[in-house]
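Fold and geometry: a report
As a plain string of letters, each chain reads:
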Amino acid sequence: MRAPDSIGRLVARARDGDEQAFTELVRLHFRAAYSVALAVLGSPADAEDVAQEAFIVAYEKLDTCREPERFSGWVVQIARNRALNALSSRKVAASAAVELGHDSEPSASMADPVAWTRERLIEVLSKVTPAQREVVLLHDLEGWTHPEIAQSLGISEVMSRQHLFVARKTLRGLLGHGNQKEACE
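Residues numbered from 1 in each chain as written. Predicted model: local features only at pLDDT ≥ 70, side-chain atom pairs only at ≥ 80, totals over all residues. Heavy atoms only, no water.

Assigned secondary structure in the protein consists of eight helices and zero strands. Secondary structure elements of the protein, listed N to C terminal, follow the sequence α-α-α-α-α-α-α-α. Buried residues in the protein amount to 37% of all 185 residues. (Helix = DSSP H or I, 4+ residues; strand = E, 2+ residues; numbered from the N terminus. Buried < 20%, exposed > 50% of the residue type's maximum accessible area, 1.4 Å probe, protein only.)

Turning to the pattern of salt bridges, a few remarks are in order. Opposite charge on two side chains permits pairing when their charged atoms draw close. Applying the stated rule across the entire model yields nine salt bridges. Residue Arg-82 is joined to Glu-53 by a salt bridge in which the shortest nitrogen-to-oxygen separation is 2.9 Å. One end of the pair, Arg-82, is in helix H4 (residues 71-100); the other, Glu-53, is in helix H3 (residues 44-60), with 29 residues separating them in the sequence. Where Glu-123 meets Arg-120, a salt bridge forms, and the shortest distance between an N and an O atom there is 3.3 Å. (Salt bridge = Lys/Arg side-chain N within 4 Å of Asp/Glu carboxyl O.)

Glancing now at the nonpolar core. Core analysis: the biggest nonpolar cluster contains 45 residues, and Phe-22, Leu-25, Phe-71 and Leu-138 have the highest contact counts within it. Secondary structure elements with two or more residues in this core: helix H1 (4-15), helix H2 (19-41), H3, H4, helix H5 (113-125), helix H6 (130-141), helix H7 (146-153) and helix H8 (157-175). The element best represented in this core is H2, accounting for twelve residues. With near-sequence residues (within four places) excluded, Leu-25 lies in contact with Ile-7, Leu-10, Val-11, Ala-14, Phe-55 and Phe-71. (Core = buried A, V, L, I, M, F, W, Y, C linked by side-chain atoms within 4.5 Å. Contact = heavy atoms within 4.5 Å.)

This next bit is on H2. At His-29, H2 shows its maximal bend, which comes to roughly 50°. With a side-chain oxygen lying 3.0 Å from the backbone nitrogen of Gln-20, the N-terminal cap of H2 falls on Asp-18. Just downstream of H2 lies Gly-42, where phi reads positive at about 75°. (Bend = angle between axes of the 7 residues up to and from the residue. Polar contact = N/O pair within 3.5 Å; in protein donor to acceptor, adjacent residues only side chain to side chain.)

Another aspect to go through is the packing of aromatic side chains. The tally for this structure, following the rule as stated, stands at four aromatic pairs. Ring centres of Phe-22 and Phe-55 lie 6.5 Å apart, and the angle between their planes is 70°; this geometry places the pair in the edge-to-face category. Of this pair, Phe-22 sits in helix H2 while Phe-55 sits in helix H3, placing them 33 residues apart in sequence. Given the relative accessible area of 9%, Phe-22 is considered buried. Centre to centre, the rings of Phe-71 and Trp-74 are 5.7 Å apart; their planes meet at 50°, and the pair counts as tilted. Here the residue Phe-71 and the residue Trp-74 both occupy positions in helix H4, the gap between them amounting to three residues, near one helical turn. Residue Phe-71 is classed as buried on the basis of its relative accessible area of 0%. (Phe/Tyr/Trp six-rings, centres within 6.5 Å; stacked < 30°, edge-to-face > 60°.)

With that out of the way, let us pick up the packing of H7 against H8. Across the interface, H7 lies against H8 with an axial gap of 8 Å and an inter-helix angle of 105°. When the axes of H7 and H8 are compared, the pair comes out roughly perpendicular. Here His-146, Pro-147, Ile-149 and Ala-150 of H7 lie close against H8, whose contacting residues are Glu-157, Ser-160, Arg-161 and Leu-164. Broken down by class, the residue content of the contact of H7 with H8 amounts to four nonpolar, two polar and two charged. (Axes fitted to C-alpha atoms, helices over the stretch in contact; angles between N-to-C directions. Parallel < 35°, antiparallel > 145°, perpendicular 65-115°, else oblique. Nonpolar A, V, L, I, M, F, W, Y, C, P; charged D, E, K, R; others polar.)

What follows covers the packing of H6 against H7. Where H6 contacts H7, the two axes come as close as 10 Å, and the packing angle between them is 140°. Classed by the angle they form, the pair H6 and H7 counts as oblique. Crossing handedness for the pair H6 and H7: right-handed. Seen from H6, the contacting residues are Glu-134, Val-135, Leu-138 and His-139; seen from H7, they are His-146, Ile-149 and Leu-153. Classifying every residue of the contact of H6 with H7 by side-chain character gives four nonpolar, two polar and one charged. (Left-handed = near helix turned anticlockwise from the far one by under 90°.)

By themselves, these figures tell us nothing about what the structure is for.
Written out as structure tokens, the structure is:
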């Protein structure tokens, strides 16, 4: 992750109409927004849609970002809120589909090992809390530090570490790797 002052400069340039600066902000933060959306929604396709939507909203409301050096946390919060709204809408649609007797989407076949692995990971990630999923994805997938996660999610560094520890322990148990030793920052 870039230094906050350089992020702040990119935001300032983007506010002044520099499209390259905003493109760089998207490049630097898209995976984090996607990871948070995935943690909430559990669907890669839906998470990608939400992350893209979050950046459209961020672009439109860039002037409302009060602390440009904290753009990361701001855009991740937009993605989280959008994902929660999408989840709410999905639950309403799913309950309507159940009432109408429609089946859920078919799962990936064992013939496609990549799809099966992705589906299995999403399945086990759904067994931990949303906060734990966010921390695991931001830390292990995106390489964010605990201070960055804490600032972005509005939790303490200790809570970030606790979420990571508990989530990893749970995930190892679900994946059948309960004998491996914890490696936590």
